[in-house]
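Listed below, chain by chain, are the residues.
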Amino acid sequence: MVADDAAQPLLDLPAAVQPSLLQGFPDRKQQSGPKFAGHLPVARVLVESSLPHLDRPFDYGVPATLDNEAQPGVRVKVKFNGQDLSGFIIERVAESDAGHSLLPLAKVVSPVPVLTPEIRDLATAVAARYAGTVSDVLRVAVPPRVARLEKTFPAARESGGAQEPAAEAAVRQPGNTRADVTGHSAWADYRNGPAFLRHLSEGGAPRAVMNPLRGFGTSGWPHLLAQAVAAAFESGRGALVVVPDNRDLDLLEDAVNGLLPEDAVARLTAEDGPTPRYQNFLHLLAGTARVAIGTRSAAYAPVKDLGLVVCWDDGDDLHIEQRAPYAHAREVLLLRAEQAGAACLLAGHTRSTEVQRLVETGWVLPVEAERNVVRRTVPRVVNTADSFEQERDPLARIARLPGAAWRAAREGLERGPVLVQVARAGYVPSLVCETCREPARCGTCQGPLALAAGSSAVPQCRWCSTPALEWGCSHCGGRRLRKGATGVMRTAEELGRGFPGKTVITSSGDHVKASVGPGKSLVVATVGAEPVAEGGYAAALLLDGDSLLRRENLRAGEDTVRRWFNAAALVRPASDHGLVVITASETSAVGALLRWDPPGYARRELSLRTELQLPPAVRIASVTGPRAAVEHFTAAAAANLQPAGISLRTAGPAPVLLSGPPSSRRVGDDVRTLLFFPYAQAAAVTRVLRATRAATAAKRSAEPVQLRLDGVDVL
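What you see is a predicted model, and the numbers here were worked out from it, not measured in a lab.

1. Topic: the overall build of the chain
Within the chain one finds 22 helices and 29 strands. Within the span of the chain, comprising 715 residues, buried residues form 52% of the whole. Considering only contacts in the chain between residues 6 or more positions apart, those separated by 24 or more positions represent 72%. Accessible surface, the chain as shown: approximately 32,900 Å² in total, 52% of it carbon and sulfur.

2. Regarding unusual backbone geometry
At the junction of Ala-324 and Pro-325, the peptide bond is cis and its omega measures out at 5 degrees in the coordinates. With omega at 5 degrees, the peptide bond leading from Pro-615 into Pro-616 counts as cis. Tracing the chain through its elements places Pro-616 in the loop between helix H20 (598–612) and strand S26 (619–625). Notably, Asp-305 is not glycine yet its phi reads approximately 50 degrees, a positive angle.

3. A closer look at helix H8 (residues 221–234)
Between its first and last C-alpha, H8 extends 20 Å over 14 residues, near the 20 Å set by a 1.5 Å rise per residue. With 13 of 14 residues buried, H8 lies mostly within the body of the structure. Just past H8, the residue Gly-236 takes up positive phi, approximately 85 degrees.

4. Some points on the pairing of strand S22 (residues 521–526)
Most of S22 sits out of view: six of its six residues are buried. Every second residue of S22 is oriented toward a common face, with Ser-521, Val-523 and Ala-525 on one face and Leu-522, Val-524 and Thr-526 on the other, all of them buried. When strand S15 (residues 418–422) meets S22, the two strands line up parallel, connected through five bridges. Across the sheet, residue Val-420 finds its bridge partner in S22, namely Val-524. Where strand S20 (residues 503–507) lies against S22, five bridges are found, and the strand directions are parallel. By the bridge assignment, Thr-506 is partnered in S22 with Val-524.

5. Concerning the pairing of strand S13 (residues 365–369)
Alignment of strand S6 (residues 190–191) against S13, held across two bridges, turns out to be antiparallel. From the neighbouring strand, Arg-191 faces S13, where its bridge partner is Glu-368. With three bridges joining them, strand S7 (residues 207–210) and S13 adopt parallel strand pairing. Counted as the bridge partner of Ala-208 is Leu-365 from S13.

6. Points about the sheet that holds strand S27 (residues 649–655)
One open sheet holds the four strands; their spatial order is S27-S28-S26-S29, and the pairing between them is antiparallel. The open sheet has two edge strands, S27 and strand S29 (706–709), and neither has a second partner. With direction set aside, neighbouring strand axes in the sheet form an average angle of 15 degrees. Looking at chain direction, S27 and strand S28 (residues 671–677) are connected through five bridges and run antiparallel.

7. Some thoughts on the sheet that holds strand S8 (residues 238–242)
Judged by pairing direction, the sheet is mixed, and its eight strands sit side by side in the order S6-S13-S7-S12-S11-S8-S10-S9 without closing on themselves. At either end of the open sheet lies a strand with only one pairing partner, and these are S6 and strand S9 (265–268). Of the strands in this sheet, S8, S9, strand S10 (291–294) and strand S11 (306–312) are in contact with helix H9 (residues 246–257), which crosses S9 at around 175 degrees. Packed onto the sheet, helix H11 (residues 329–340) meets S8, S11 and strand S12 (343–347) and runs at close to 165 degrees relative to S11.

8. Focus on the pattern of salt bridges
Under the definition given, this model contains 38 salt bridges. The salt bridge involving Lys-79 is made with Asp-84; its shortest N-O contact spans 3.2 Å. A residue is classified by how much of its surface remains accessible, and Lys-79, at 39% relative accessible area, is partly exposed. Classification of Asp-84 by relative accessible area gives partly exposed; the value is 48%. The salt bridge partner of Glu-470 is Arg-479, with a shortest N-O separation of 3.6 Å.

9. Side note on the packing of helix H2 (residues 117–129) against H11
Any two packed helices are characterised by how steeply their axes cross, that is the angle between the axes, and by the distance between the axes. In the contact formed by H2 and H11, the axes pass within 10 Å of each other and the chain directions differ by 130 degrees. Classed by the angle they form, the pair H2 and H11 counts as oblique. The crossing of H2 and H11 is right-handed. Contact with H2, carried on its side by Glu-118, Ile-119, Asp-121, Leu-122, Ala-125, Val-126 and Arg-129, involves Glu-331, Val-332, Leu-335, Arg-336 and Gln-339 of H11 and no other residues of that element. Partitioning the contact of H2 with H11 into residue classes produces six nonpolar, one polar and five charged.

10. So, empty space enclosed by the protein
For the coordinates displayed, the defined rule picks out four cavities of 30 Å³ or more. Along the wall of the largest cavity there are 17 residues; nearest its centre are Val-140, Tyr-300, Glu-321, Ala-327 and Val-332. At the level of elements, helix H3 (134–141) and H11 are the ones that each hand at least two residues to the lining of the largest cavity. A total of three residues in the lining of the largest cavity trace back to one element, the largest contributor, which is H3. When the residues that make up the lining of the largest cavity are grouped by side-chain class, the tally is ten nonpolar, three polar and four charged. Within this model, the second largest cavity holds a volume of roughly 60 Å³. Secondary structure elements with two or more residues in the lining of the second largest cavity: H3 and helix H10 (274–286). Its residues placed into classes, the lining of the second largest cavity shows eight nonpolar, one polar and one charged.

11. Structural notes on the confidence of the model for the chain
Across the chain, the average pLDDT comes to 87, with 87% of residues at or above 70. Per-residue pLDDT stays below 50 along residues 25–31; that stretch engages in two contacts with residues further than four places along the chain or on separate chains.

Parameters at a glance
- Residues numbered from 1 in each chain as written.
- Predicted model: local features only at pLDDT ≥ 70, side-chain atom pairs only at ≥ 80, totals over all residues.
- Heavy atoms only, no water.
- Helix = DSSP H or I, 4+ residues; strand = E, 2+ residues; numbered from the N terminus.
- Buried < 20%, exposed > 50% of the residue type's maximum accessible area, 1.4 Å probe, protein only.
- Contact = heavy atoms within 4.5 Å.
- Areas by Shrake-Rupley, 256 points an atom, 1.4 Å probe, with all protein chains shown as cover.
- Expected span 1.5 Å × (residues − 1).
- Pairing = 2+ DSSP bridges.
- Axes fitted to C-alpha atoms, helices over the stretch in contact; angles between N-to-C directions.
- Salt bridge = Lys/Arg side-chain N within 4 Å of Asp/Glu carboxyl O.
- Parallel < 35°, antiparallel > 145°, perpendicular 65-115°, else oblique.
- Left-handed = near helix turned anticlockwise from the far one by under 90°.
- Nonpolar A, V, L, I, M, F, W, Y, C, P; charged D, E, K, R; others polar.
- 1 Å grid on protein atoms, 1.4 Å probe; cavity = no way out; pocket = protein on both sides within 12 Å on 5 of 7 lines; lining within 4 Å.
- Points joined across faces, edges and corners; volume = space filled by probe spheres on them.
- pLDDT = per-residue confidence, 0-100.

Given below as structure tokens:
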């Protein structure tokens, strides 16, 4: 037996180690897989996942074959829990603290470092402020890849460095020297305006809020913002401007291209398509373009040497990202200005209460026009509900188009185009019972009934499109319907009959016009869809004011004032017979328009909300989901905040009122709890809310909830 044992050949194992129960078996895993890089072999990767408990970097080994390509900021593919996930390399380090063997990177998707350190830090700050995940922020910050465009990226990066030194010489018109830009007549009409531009052109970082008086012409807001961009560009720095929509973007682009070379300006908006957007993103990344203009996602543009951030009309809801963590472009730009030490300009025809809070804390300084400048620049404003107009027309209070508005339209058509602003799109967007005036509801889904087009059309549901052929009122049993509101198409039809022979132009819904000519025409537009008239409108009629103010929303007044001022700013000055007629009851909102005093209205609104401890005087978090999940989350958050001595003021849970048909994503029996907390405790509270959400998701102890911070539509 001994001889037989000695004759057995040895197993071919590494280092001639025999497997045994005492010595263990050799670790073959260390011998399998690719060889890792010799220098900084560990890559920390942020995987693209919306799960809150995975919102941290994970360590992966860098194969030697990918050593040169696997640089910080590039896109990669990794194995995670048996799946191939995309991600970004955050950094490379010498050692891992994971405590286990590392999986190798599966693939470097692109060698272009699309995630710069500045944008990575910004995404981290935005996620912390909104209690979201960095991955969700990066999904908005970095546009989708277009592979064929990356072939030119190395050449663009090399040429970009050669173009940087001659920034001042790049201003297109020879007369636009630094003194000419800072002394521009449009900015000279505003107190602190020339000083702001001078400070900006000298390399400073001033912070200001501005309310331009005009929305058209060479002294309109696009040219004012273009002058600020040119001042920052002359100082050798980049600039970033964010506007609500493509119409504003087109106006701004024309104004900026009039002062700067076109190749220095990059336009970023998803509506242009993936190819132009990614191409302009690469130009900014390479440094060949130094100015970025765009819609809300452009707030994350990788502008080199950022010197100025601008947000136009921050009160517009289009600035709010519709995906988690629902960040507002204004807040992203404020974080970025602090991070980069850049100048900041918050501009709009009105002032939001959030901006007013910054003014009262001293973070920004106002750039305002003197009262004599206001009087000679803005149109005359008339309210049909005041005592003088009531004496002349006793029925003006109940008429949709009072006599004063009719006369203004008739006289304005003799001088140029007339704007008519209405509250609702469609023909008859809502119907009510003729007997009891209760809203007419669909018998299938309880949605609102409306007339799509024509008074002879069959009423149908706006949610499910079911025709209401045999409708009956559930309150009184009535069978007859009447108009609850008049839409833009019905208004245009009535005005066409009232002014025969005049051209009637509509702008609403999917058919929004950016501009109209100087011809004598009636332009009927919904709120926010008013086109710019060449040379300005001769008159404007602001209809349905009371219906706008009656909306059940904390910001109904503030938002209505913003829409009124945006329309009134398109009208010629009073010296040129410009006239605005508003048909609304006498309120503080109407008074602000009559006096042309948007800062005064913002001060009043903020003081009222401070007294009531409502946003933006305090911060707010909304927790939405099934009742059991919401109660579990709020209880866990309160328990985690208790050691710090923080007690949140809460409201709810209360049922969520749906504004559309129920769906798989919007369950009808969801509830919502509101959490209020002061700014002094905001950092601690958001940190706990974020950690509670991650812990709940990891343990799967309750159903997921939607967590939104500073939502404007929850009150």
